[in-house]
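Summary of the model geometry
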Amino acid sequence: MVIFKAVSKHYNGHIAVKNLNLNVKEGEFVTLIGPSGCGKTTTLKMVNRLVEPTEGDILINGRNIRDTDPVALRRQIGYVIQQIGLFPHMTVEENITVVPTLLEWPATKRRARGHELLDMAGMDPVIYANRYPSELSGGQQQRIGVLRALAADPPLILMDEPFGALDPISREVLQDELKSLQKRLHKTIIFVTHDMDEALKLADRVVVMREGEVIQEATPEELLRKPADDFVASFVGKSRRNDSKLLIVEQVMQPNPVTVLPSVGLAQCLTLMKRKRVDTVLVVDEEGVLIGGVSIETLDREHQRAYRIGEIADHNLVTVLNSTPAKDAFDLMVGDQLKYLPVVDEHRHLRGLVTRTSMVNAMASVVWGDEND
Amino acid sequence: MYNIWILTVQHLGLTLAGVGLAILIGVPIGYLITGNRWVAQLVMGFTDMMQTIPALALLALLMLWMGLGDTPLVVALLMYSLLPIVRNSYVGIMGIDGALIEAAKGMGMTRWQLLRMVQLPIALPVIMSGVRVATVTAIGIAAIGVLIGAGGLGAPIWRGMQQMNTAMILSGAVPAALLAVASDAGLSKLEQAITPRGFRNIASQNT
Amino acid sequence: MKMISFSQFLFMNSTAIITATVQHLYLALGSELIGCLIAIPLGIWLTSRKKLADYFLAVTGTIQTIPSLALLGFVLPLFGIGPLPAMIVLVLYSLLPILRNTYTGITGVNPSYIEAGTGAGMNSRQLLWMVKLPLALPIIMAGIRISTVYLISWATLAAFIGAGGLGDLIITGIQTADANFIIAGTIPTAFLAIGAGWMLGKVEMVLTPREGLIVSDEGR
Ligand SMILES: Nc1ncnc2c1ncn2[C@@H]1O[C@H](COP(=O)(O)OP(=O)(O)OP(=O)(O)O)[C@@H](O)[C@H]1O
Ligand SMILES: [Mg+2]
């Protein structure tokens, strides 16, 4: 249905896509995957002519898209952009039916279509049709982004990391919905992601890209069994090993958090916090046993009533053992909305600190691999 | 004595003529210069410069060129109103999230549809606040128009000042002040009214 | 009447032009100074009184919208003609930008700096002079710059009530349809406005501090 023939795209000297050849068949679900900046979005945008190829041709149903009016072309192709991009001044229903409006469908038909799609996505039209995007959750917004692409019933849909900004749970739900939708409606879908789990779960065929080139295109099973090279192997392997389930907090924490003794004076503590640029310190005794924590707000509030840090430390900190699985610690942080989580051993000796930064770093190294391996 | 009602209507008419022309010219300019950063800087710099010329001086210069009467006043009002209107149109349109433009194009909007369905509605509150500033300023400048023989509420104020006639001064100054204050209040109400609900939520979330 | 060339005109009227320019500066800058002396302390005082602040900002905002000729018309019966009523009007116009920027500048100071200051044992006076004012200064300066540029332009209107300044030349020019007078009044006004804006802009840049004290890393 969509054929790329030796397609390249250069941005003044920089090569974003290099000699891409690809044949997407009717009803097929193809995922493009690769590290950030490898040319996935560029490839997608060349299909609806938001970007013009420097070399090569793209054919849709045998017709070169260069010979098609870009506006007419785009109205026949569903498009979900990376940043969702719902129109803030339009209601949910108006957002979904933008393309039908452009195609000048009669109002009643548009309306019926909007409601039908909302129903299909499990969102009650009575409740949601007249809401504005800002009144929806992130997951609901992404659903509307997908529905908007389906509205005029286009045979081909382009999706650029449509579930990128979601928490893992909503993400799984939407993936399942999309998969069953595609089975039912027989759409041809080109789907960009940099999450290998997502690619393997959804795709009939996975296209792995790196630096503008296709490294391998294969079914998910083939990709797992016979990765073309080390790059693909590590890309698949990282995801399959599912490291985040095996890591323990000790491996992701920061080993040297800023600490003070309970006998330290308030002013001295403030100076230390300024110098280290932190807004919270942990209080430990001489043996290294964790006593509590002090935030700059507490320090500020109590500075007239207390002299020593020990007097104002918060003793009810949520802590975890150093052998806890990292995933549980992260769930705890996300669930309880903790800014930080001290890590202690069985004797309550402070071992380190998990912050949101360490969490993100750990997740990133699972997805993309450590910089130095 | 002066007929204050007629003068008030005249005053408002002159203001609306100047601001109306400025909208007709300024919004398209604001939109067109979004295409080119360099031209935008140039146009903004020029309109900025214009603002440092005192209204009285601009009126005087225009009088030399076009003679006495309403025409040079309306031209001066137009020139003064351009800055806030061009600037706010430009800022309002440029401030729109690029993702929205891309989504709109990707769904097959023509340039014109993009402007009408996305760019203008989102920029409208910002443009309207430019129109409000322009209108209030124009009401003030129109009062000075009396010096170059234009109509409006300036005449009783100016004559009253020369004859030291307080009643005459106030018969022009009070309605002029009320006109300005009422336009300001009315146009801010309008500004709020045309801000779409979905947008107000976002604005309040981001601040 | 025969028109004379601009250079001849300048030669014949140089004293008048210089006198008018000095008068003009005196009117505009004097009013600006008085405006600062009123609006800055007022703005500081209002920072801890939000309701009252909204009220004052609304009132000064309304004054700002009143046409200048009308405002001159209001003060003339009360204070007569001459520089005093003209300066009263100019001071009224200067209030809004300075007051608004002082108020928002101080209330907008990042609370973590204030916490750090209180934490270090500063009392409220020290907090104001050592933390809030220095951090708000660039914004206050911007208010001063904006109002100064406006006042220089508006001071031409002082001529309406016999306060002199460059507006005198322009009005004479209008009444005698003499381009020389109009230009001799316009060009110095524009230059003064642009020059003042440029100079105060420089001051503003010097006063803008480089980096904050505490960079609050997310919770640690
Ligand atoms: N308009 C542009 N001008 C210049 N270079 C560009 C432009 N758009 C993309 N590029 C470059 O082309 C390369 C590919 O970009 P592209 O957006 O396709 O990456 P991607 O695979 O979608 O990455 P990501 O996963 O981060 O979205 C990048 O190196 C990018 O910097
Ligand atoms: Mg991308």
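Calculation rules
Residues numbered from 1 in each chain as written. Chains lettered and ligands numbered in written order. Predicted model: local features only at pLDDT ≥ 70, side-chain atom pairs only at ≥ 80, totals over all residues. Heavy atoms only, no water. Helix = DSSP H or I, 4+ residues; strand = E, 2+ residues; numbered from the N terminus. Rg over C-alpha atoms; globule rule 2.2 N^0.38 Å. Buried < 20%, exposed > 50% of the residue type's maximum accessible area, 1.4 Å probe, protein only. Phe/Tyr/Trp six-rings, centres within 6.5 Å; stacked < 30°, edge-to-face > 60°. Lys NZ or Arg CZ within 6 Å of the ring centre and 35° of its normal. Salt bridge = Lys/Arg side-chain N within 4 Å of Asp/Glu carboxyl O. Patch = residues over 30% accessible without salt bridge, like charges linked within 9 Å, V, L, I, M, F, W, Y side chains within 5 Å. Areas by Shrake-Rupley, 256 points an atom, 1.4 Å probe, with all protein chains shown as cover. Donors = N, O, S within 2.8 Å, 3.2 Å for Na, K, Ca; no water. Near = heavy atom within 4 Å. Polar contact = N/O pair within 3.5 Å; in protein donor to acceptor, adjacent residues only side chain to side chain. Nonpolar A, V, L, I, M, F, W, Y, C, P; charged D, E, K, R; others polar. Pairing = 2+ DSSP bridges. 1 Å grid on protein atoms, 1.4 Å probe; cavity = no way out; pocket = protein on both sides within 12 Å on 5 of 7 lines; lining within 4 Å. Points joined across faces, edges and corners; volume = space filled by probe spheres on them. Domains from an automatic or database assignment. Right-handed = clockwise from strand over helix to strand, strands pointing away. pLDDT = per-residue confidence, 0-100. Contact = heavy atoms within 4.5 Å. Buried area = accessible area lost by both parts, 1.4 Å probe.

When helices and strands are counted, chain C shows 8 helices and 0 strands. Helices (α) and strands (β) of chain C occur, in sequence order from the N terminus, as α-α-α-α-α-α-α-α. Against the 2.2 N^0.38 benchmark of 17 Å for 220 residues, chain C shows a C-alpha radius of gyration of 22 Å, more extended than a compact globule. Burial status across chain C gives 50% buried among its 220 residues.

It is worth spelling out the packing of aromatic side chains at this point. Residue and element names in this part refer to chain A. Tallied over the full model, the rule gives 6 aromatic pairs over all chains. Ring plane angle 40 degrees and centroid distance 5.6 Å describe the contact between F29 and F191, whose orientation is recorded as tilted. Of this pair, F29 sits in strand β3 (residues 29–33) while F191 sits in strand β8 (residues 188–193); the two residues are 162 residues apart in sequence, bridging distant segments of the chain. For F29, a relative accessible area of 0% translates into the label buried. The buried category is assigned to F191, whose relative accessible area is 0%. One aromatic cluster is present, built from ring pairs that chain together F29, F163 and F191. Seen from the ring of Y11, K9 lies directly overhead, with NZ or CZ sitting 5.2 Å from the centre. Between the NZ or CZ atom of R210 and the centre of the ring of F231, over which it lies, the distance is 4.5 Å.

What follows concerns the pattern of salt bridges. Residues and elements named next belong to chain A. One pass over the full model with this rule turns up 19 salt bridges over all chains. In this structure, R205 and E217 form a salt bridge, with 2.3 Å as the shortest nitrogen-oxygen distance. On the criterion of sequence distance, the pair formed by R205 in strand β9 (residues 205–210) and E217 in strand β10 (residues 213–218) is long-range, its members being 12 residues apart. By relative accessible area, E217 is classed as partly exposed at 34%.

Once that is clear, we can look at a nonpolar patch on the surface. All names here are of chain C. A cluster of nonpolar side chains, W45, L52, Y55 and V59, forms an exposed patch at the surface whose accessible area comes to about 390 Å². Per-element accounting of the nonpolar patch gives the leading share, 3 residues, to helix α2 (residues 50–65). As for its placement among the helices and strands, L52 is situated in helix α2. Classification of L52 as partly exposed rests on a relative accessible area of 32%.

Attention now moves to the coordination of the magnesium ion (ligand 2). All names here are of chain A. Looking at the magnesium ion (ligand 2), the protein donor atoms are T41 (OG1) and Q82 (OE1), and they sit 1.9 to 2.6 Å from it. With T41 in helix α1 (residues 40–47) and Q82 in the loop between β6 (77–80) and α3 (92–96), this pair connects stretches of sequence that are 41 residues apart. Classification of T41 by relative accessible area gives partly exposed; the value is 24%. Looking at Q82, the relative accessible area reads 34%, which means it is partly exposed.

Residues and elements named next belong to chain A. Among the 13 residues in the neighbourhood of ligand 1, the closest are listed as S36, G37, K40, T41 and T42. A distance of 3.5 Å separates a nitrogen atom of ligand 1 from a polar atom in the side chain of Y11. Within the side chain of E161, a nitrogen or oxygen atom sits 3.4 Å from an oxygen atom of ligand 1. Elements with a minimum of two residues in the shell around ligand 1: β2 (14–24) and α1. The dominant element in the shell around ligand 1, judged by the number of residues it contributes, is α1, at 3 residues. For the shell around ligand 1, the per-class residue count stands at 3 nonpolar, 8 polar and 2 charged.

A separate point is the sheet that holds strand β11 (residues 259–260) of chain A. Residue and element names in this part refer to chain A. Spatially, β11-β12-β13 is the arrangement adopted by the 3 strands of the open sheet, whose pairing is mixed. In this open sheet, the two edge strands, each paired with only one partner strand, are β11 and β13 (290–295). Looking at chain direction, strand β12 (residues 280–284) and β13 are connected through 5 bridges and run antiparallel. Bridge pairing links V281 to V294 in β13.

What follows is about empty space enclosed by the protein. Residues and elements named next belong to chain A. A complete count under the given rule lists 4 cavities of 30 Å³ or more for this structure. Breaking the lining of the largest cavity down by element, the ones donating at least two residues are α2 (70–75), β6 and α7 (138–150). Top contributing element to the lining of the largest cavity by residue count: β6, with 3 residues. When its residues are assigned to classes, the lining of the largest cavity shows 7 nonpolar, 1 polar and 3 charged.

The next point concerns the domain arrangement of chain A. Looking at the assigned domains, one finds that chain A contains domain 1 (2–241) and domain 2 (249–367). In this structure, domain 1 of chain A and domain 2 of chain A have C-alpha centres spaced 42 Å apart.

What follows concerns the pairing of strand β15 (residues 340–344) of chain A. All names here are of chain A. Burial within β15 is extensive, with 5 of its 5 residues counted as buried. Side-chain alternation along β15 places Y340, P342 and V344 on one buried face and L341 and V343 on a second face that is also buried. Pairing analysis gives 2 bridges linking strand β14 (residues 320–321) to β15, with the strands arranged parallel. Paired with L321 across the strands is V344, a residue of β15. At this point the chain moves from β14, through helix α17 (residues 326–336), to the parallel β15, and the crossover so formed is right-handed. By the bridge criterion, 5 bridges tie β15 to strand β16 (residues 350–355) in an arrangement that is antiparallel. The residue of β16 that forms the bridge with V343 is G352. Joining the antiparallel neighbours β15 and β16 is a turn of 5 residues, in which R348 adopts a positive phi near 65 degrees.

In this section: the confidence of the model for chain C. Residue and element names in this part refer to chain C. Confidence in the prediction for chain C averages 86 pLDDT; 93% of positions are at 70 or higher. For chain C, helix α5 (residues 111–119) is the element with the lowest average pLDDT, namely 83, and helix α4 (residues 83–107) is the one with the highest, namely 93. When the criterion is pLDDT under 50, residues 211–220 qualifies, and its contacts beyond four places in sequence or with other chains add up to 23 contacts. Two summary scores accompany this predicted model of the complex, namely pTM at 0.75 and ipTM at 0.86.

L166(C), G167(C), L169(C), I170(C), I171(C), G173(C) and I174(C) are the residues of helix α7 (residues 166–176) of chain C that are buried. Looking at the buried positions of α7(C), the neighbouring elements they touch are α3 (55–66) of chain B together with α1 (6–46) and α8 (179–207) of chain C. Two residues or fewer past α7(C), A177(C) is found with a positive phi of approximately 50 degrees.

As a further point, take the environment of F6(C). Residue and element names in this part refer to chain C. As for its position among the elements, F6 is in helix α1. Taking relative accessible area as the criterion, F6 reaches 32% and is therefore assigned partly exposed. Measuring from C-alpha to C-alpha, the distance between F6 and I183 comes to 9.1 Å, with 177 residues separating the pair along the chain. The residues contacting F6, other than those within four sequence positions of it, are N180, I183 and A184.

Let's shift gears to the interface of chain B and chain C. Many analyses report the size of an interface as the accessible area lost when the parts associate. The interface of chain B with chain C comprises 33 residues on the first partner and 33 residues on the second. Each partner contributes to the roughly 2600 Å² buried at the junction of chain B and chain C, and carbon and sulfur atoms together form 87% of this total. When the buried area of chain B at its contact with chain C is split by residue, T52(B), L56(B) and M161(B) rank highest and sum to 21% of it. The tally of links from chain B across to chain C stands at 0 salt bridges. One can count 0 residue pairs in polar contact (both at pLDDT 80 or more) joining chain B with chain C. Listing elements by their share of the side of chain B that touches chain C, those giving two or more residues are α2 (37–52), α3, α6 (111–144), α7 (154–163) and α8 (166–194) of chain B. In terms of residues, the side of chain B that touches chain C owes the most to one element, α8(B), which gives 10 residues.

The next thing to look at is the side chain of Q113(B). Residues and elements named next belong to chain B. Within the secondary structure layout, Q113 lies in helix α6. By relative accessible area, which is 14% here, Q113 ends up buried. In this structure the side chain of Q113 is engaged in a polar contact, spanning 2.9 Å, whose partner is the backbone nitrogen of T110.

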